[in-house]
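Observations on the three-dimensional arrangement
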Amino acid sequence: MQTAPTEMTFFERFEADILASKKTITIRDEAESHYKVGSVVDVSTYEDDRWFCQLKILDVSPIQFSALNDFHAEQENMTLDELKAVIHDIYPGIEQLYVVTYQLVEQ
Ligand SMILES: CC(=O)Nc1ccn([C@H]2C[C@H](O)[C@@H](CO)O2)c(=O)n1
């Protein structure tokens, strides 16, 4: 059985949107989908492993790349075309993805 992770990384360019609660989901592959609903994770930048907040995990749900829609994009503070391009860059060719919904923990 997989241990639930207690840490998450984001590209630095998304930090401001996360701290402003403009970005309230992240879409990850199977390897990064094992977050426990209700847990609080420490969040750092991918580039330099700099801690910048904690997030409470509200939901983890499977989604097909082809089923991504405008509501997912809105929750990512992007257009749908931008979101699909970002996902395609990070997870090329991966159809099975997971929507991780979270809430910023005010420090
Ligand atoms: C840095 C890292 O390990 N992985 C990721 C994966 C995704 N993101 C962002 C990009 C998009 O906004 C959403 C959807 O995947 O999450 C990220 O910052 N870091």
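Please read these numbers as outputs of a predicted model, since none were measured by experiment.

1. Focus on the packing of aromatic side chains
Summed over all chains, the structure comprises two aromatic pairs. For the pair Phe10 and Tyr102, a centre-to-centre distance of 6.0 Å together with 70° between the ring planes defines the contact as edge-to-face. Of this pair, Phe10 sits in strand E1 (residues 7-10) while Tyr102 sits in strand E5 (residues 96-105); the two residues are 92 residues apart in sequence, bridging distant segments of the chain. An identical accessibility class is assigned to Phe10 and Tyr102; each is buried.

2. Concerning the UniProt feature "active site" (unreviewed entry) in the chain
Here, UniProt's "active site" (unreviewed entry) annotation points to Lys23, Thr26 and Glu76. What stands out for the annotated residues spanning 54 residues is how close their C-alpha atoms remain, the widest pair being 7.9 Å apart. What makes Lys23 buried here is its relative accessible area of 3%. Apart from the residues lying within four places of it in its own chain, the contact partners of Lys23 are Phe10, Phe14, Asp17, Ile18, Gln75, Glu76 and Tyr102. Within the element layout of this structure, Thr26 appears in strand E2 (residues 25-28). For Thr26, a relative accessible area of 5% puts it in the buried group. The contacts of Thr26, once residues within four sequence positions are left out, are Met8, Phe10, Glu76, Tyr98, Val99, Val100 and Tyr102.

3. Overview of the confidence of the model for the chain
Per-residue confidence for the chain averages 97 on the pLDDT scale, and 99% of its residues sit at or above 70. Across the assembled chains, the prediction reports ipTM 0.87 with pTM 0.96.

4. Topic: the pattern of salt bridges
The full count for this structure, using the stated rule, is four salt bridges. Residue Glu15 pairs with Arg50 through a salt bridge whose shortest N-O separation is 2.8 Å. One end of the pair, Glu15, is in helix H1 (residues 15-19); the other, Arg50, is in the loop between strand E3 (40-45) and strand E4 (51-64), with 35 residues separating them in the sequence. Of the charged contacts, one joins Glu76 and Lys23 as a salt bridge, the two residues approaching to 2.4 Å between their closest N and O atoms. Of this pair, Glu76 sits in the loop between helix H2 (70-75) and helix H3 (80-90) while Lys23 sits in the loop between H1 and E2; the two residues are 53 residues apart in sequence, bridging distant segments of the chain. Beyond isolated ion pairs, a larger network of salt bridges with shared partners links Glu12, Glu15 and Arg50.

5. Examining the sheet that holds E1
Strand order in this open sheet of five strands is E1-E3-E4-E5-E2, and the pairing throughout is mixed. The outermost strands of the open sheet, each flanked by one partner alone, are E1 and E2. Across this sheet, the average inter-strand angle for adjacent strands is 40°, counted without regard to direction.

The rules we used
For every chain, the first residue of the written sequence is number 1, and numbering continues from 1 onward in sequence order. This being a predicted model, a pLDDT of at least 70 is required before a residue's local features are given, and a value of 80 or more before pairs of side-chain atoms are given or counted; all residues contribute to the totals for chains, interfaces and linings. Computation of side-chain values: all heavy atoms of the structure, hydrogens and water removed. Aromatic contacts are taken between Phe, Tyr and Trp rings whose centres are within 6.5 Å, Trp giving its six-membered ring; a plane angle under 30 degrees counts as stacked, one over 60 as edge-to-face, and the others as tilted. Numbered from the N terminus, helices here are DSSP runs of H or I no shorter than four residues, and strands are runs of E no shorter than two. Whether a residue is buried, partly exposed or exposed follows from its accessible area with a 1.4 Å probe, protein chains only, as a fraction of its type maximum: under 20%, in between, or over 50%, in that order. UniProt positions are given in the numbering used here, feature names are shortened, and annotations may be inferred rather than shown by experiment. By definition in these notes, contact holds between two residues if any of their heavy atoms fall within 4.5 Å. Each residue carries a pLDDT score, the predictor's own confidence in it, on a scale running from 0 to 100. Counted as salt bridges are all cases of a side-chain nitrogen of Lys or Arg within 4 Å of a carboxyl oxygen of Asp or Glu. DSSP-based pairing: two strands are paired if at least 2 bridges between them are found. Lines fitted to C-alpha atoms define the axes here, with helix axes fitted over just the stretch in contact, and angles between the N-to-C directions of these axes take values from 0 to 180 degrees.

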